[in-house]
Amino acid sequence: MLRATKALLSEVGYQRLSFEGIARRAGVSKATIYRWWPNKAALVIEALSGDVPLPPIQETGDLEADLRTAVRLTVELVSAMPTCLILPALLADVIEDPTGTGAFAELIEPRRASVVELLERARLEGRLPPDTDTSLMVDIYSGTVVYLAAVSREPPGEAVIDQVVSLLLHGRLPALKPSHVKEEAEPGDLPKAGAAAPSPLAPHASLVAHGTEERDAR
């Protein structure tokens, strides 16, 4: 049944996957499947659990390099076929059926826990601020990877990984590529050397001033 599920996932996708199709492929009855799994999400999670790559992170002592490795392994995990393609629909089913959240958590917890432990050691050794929420750090980069893979159907590249790690460890905001900046900004729009950049609140401030002038006139 698990082999049939994985095979059909690759052929028809998650949304078109059905217990009827799995039963036919596995040569069993639907009742047999329901005896083992309450719904499609639970069956798919178990079918994929054996294929989740969980290579250990070889810590180097370089926190930035180790975190980059952890993010890269998450990218490889989420982007693996058919995980990337079925993830949005699978998560939707898990959210609808709270009984599936535990199984999904078990699927990802080993990798998550190992990275939290890595970050906790860095925090206790003073390589991270003492009040760092290491669990949230993992959730932030995991959520970013899952979102990008699910929406764009392409794994985040090394440039994105570098920017996520830089944001988490150094607070550096992600920057546009130089080519994008040139495309979006016309030469005449760029401030002259030494000139103050326009405030993003300037349009709002002008509207407020205009309203004040009208009120004073009345």
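Before any of the text, the structure's been laid out above.
Rules behind the numbers
- Residues numbered from 1 in each chain as written.
- Predicted model: local features only at pLDDT ≥ 70, side-chain atom pairs only at ≥ 80, totals over all residues.
- Heavy atoms only, no water.
- Helix = DSSP H or I, 4+ residues; strand = E, 2+ residues; numbered from the N terminus.
- Buried < 20%, exposed > 50% of the residue type's maximum accessible area, 1.4 Å probe, protein only.
- Contact = heavy atoms within 4.5 Å.
- Areas by Shrake-Rupley, 256 points an atom, 1.4 Å probe, with all protein chains shown as cover.
- Expected span 1.5 Å × (residues − 1).
- Polar contact = N/O pair within 3.5 Å; in protein donor to acceptor, adjacent residues only side chain to side chain.
- Axes fitted to C-alpha atoms, helices over the stretch in contact; angles between N-to-C directions.
- Left-handed = near helix turned anticlockwise from the far one by under 90°.
- Nonpolar A, V, L, I, M, F, W, Y, C, P; charged D, E, K, R; others polar.
- 1 Å grid on protein atoms, 1.4 Å probe; cavity = no way out; pocket = protein on both sides within 12 Å on 5 of 7 lines; lining within 4 Å.
- Points joined across faces, edges and corners; volume = space filled by probe spheres on them.
- Salt bridge = Lys/Arg side-chain N within 4 Å of Asp/Glu carboxyl O.

Next up on the list: the overall build of the chain. If you tally the helices and strands in the chain, you get 11 helices and 0 strands. The linear arrangement of helices and strands in the chain, starting from the amino end, is α-α-α-α-α-α-α-α-α-α-α. Of all 218 residues assigned to the chain, the portion counted as buried reaches 31%. Looking at the chain alone, contacts between residues at least 24 apart form 60% of all its contacts between residues at least 6 apart. Total accessible area computed for the chain in this model is approximately 13800 Å², and 58% of it derives from carbon and sulfur atoms.

This part is about helix α8 (residues 134–152). For α8, built from 19 residues, the straight-helix expectation of 27 Å at 1.5 Å per residue is met to within 8% by its first-to-last C-alpha distance of 27 Å. Buried residues of α8: Thr134, Met137, Val138, Tyr141, Val145, Ala149 and Ala150, and no others. Its side-chain oxygen 3.3 Å from the backbone nitrogen of Ser135, Asp133 forms the N-cap of α8.

Bringing the packing of helix α5 (residues 63–79) against α8 into the picture now. Where α5 contacts α8, the two axes come as close as 10 Å, and the packing angle between them is 35°. Of the two possible hands of crossing, α5 and α8 adopt the one that is right-handed. Residue-level contacts link Leu67, Ala70, Val71, Thr74, Val75 and Val78 of α5 to Met137, Tyr141, Ser142, Val145, Val146 and Ala149 of α8. Taken together, the residues of the contact of α5 with α8 sort by class into 10 nonpolar, 2 polar and no charged.

When you tally the buried positions in helix α4 (residues 40–49), you get 8 out of 10 residues, the bulk of the element. Considered for burial, the residues of α4 that qualify are Lys40, Ala41, Ala42, Leu43, Val44, Ile45, Ala47 and Leu48. Among the residues of α4, the N-terminal cap falls to Asn39, whose side-chain oxygen and the backbone nitrogen of Ala41 are separated by 3.3 Å.

Estimates place the volume of the second largest pocket at around 210 Å³. Looking at the second largest pocket, it is lined by 11 residues, and the ones nearest its centre are Ala159, Val160, Gln163, Ala175 and Lys177. It is helix α9 (residues 158–170) that contributes the most residues to the lining of the second largest pocket, 5 residues altogether. Its residues assigned to classes, the lining of the second largest pocket shows 7 nonpolar, 3 polar and 1 charged.

With that settled, the discussion passes to the pattern of salt bridges. Side-chain pairs of opposite charge can arise where the charged atoms are in close proximity. Applying the stated criterion to the full structure yields 9 salt bridges. Residues Arg25 and Glu11 are paired through a salt bridge, measuring 2.9 Å at the closest nitrogen-oxygen approach. A residue pair is termed long-range when its members are at least 10 positions apart, and Arg25 in helix α2 (residues 19–26) and Glu11 in helix α1 (residues 2–12) qualify at 14 residues. The residue Arg123 makes a salt bridge to Glu120 at a minimum N-O spacing of 2.9 Å. You can see Arg123 and its partner Glu120 sitting in helix α7 (residues 101–124), 3 residues apart, about one turn around the helix. For Arg123, a relative accessible area of 22% translates into the label partly exposed.

For the rest of this paragraph, the subject is the side chain of Thr132. Position of Thr132 among the secondary structure elements: in the loop between α7 and α8. In this structure the side chain of Thr132 is engaged in a polar contact, spanning 2.7 Å, whose partner is the backbone oxygen of Pro129. If sequence neighbours within four positions are ignored, Thr132 has contacts with Arg123 and Met137.

In short, the description is geometric, and any link to function would need to be established separately.
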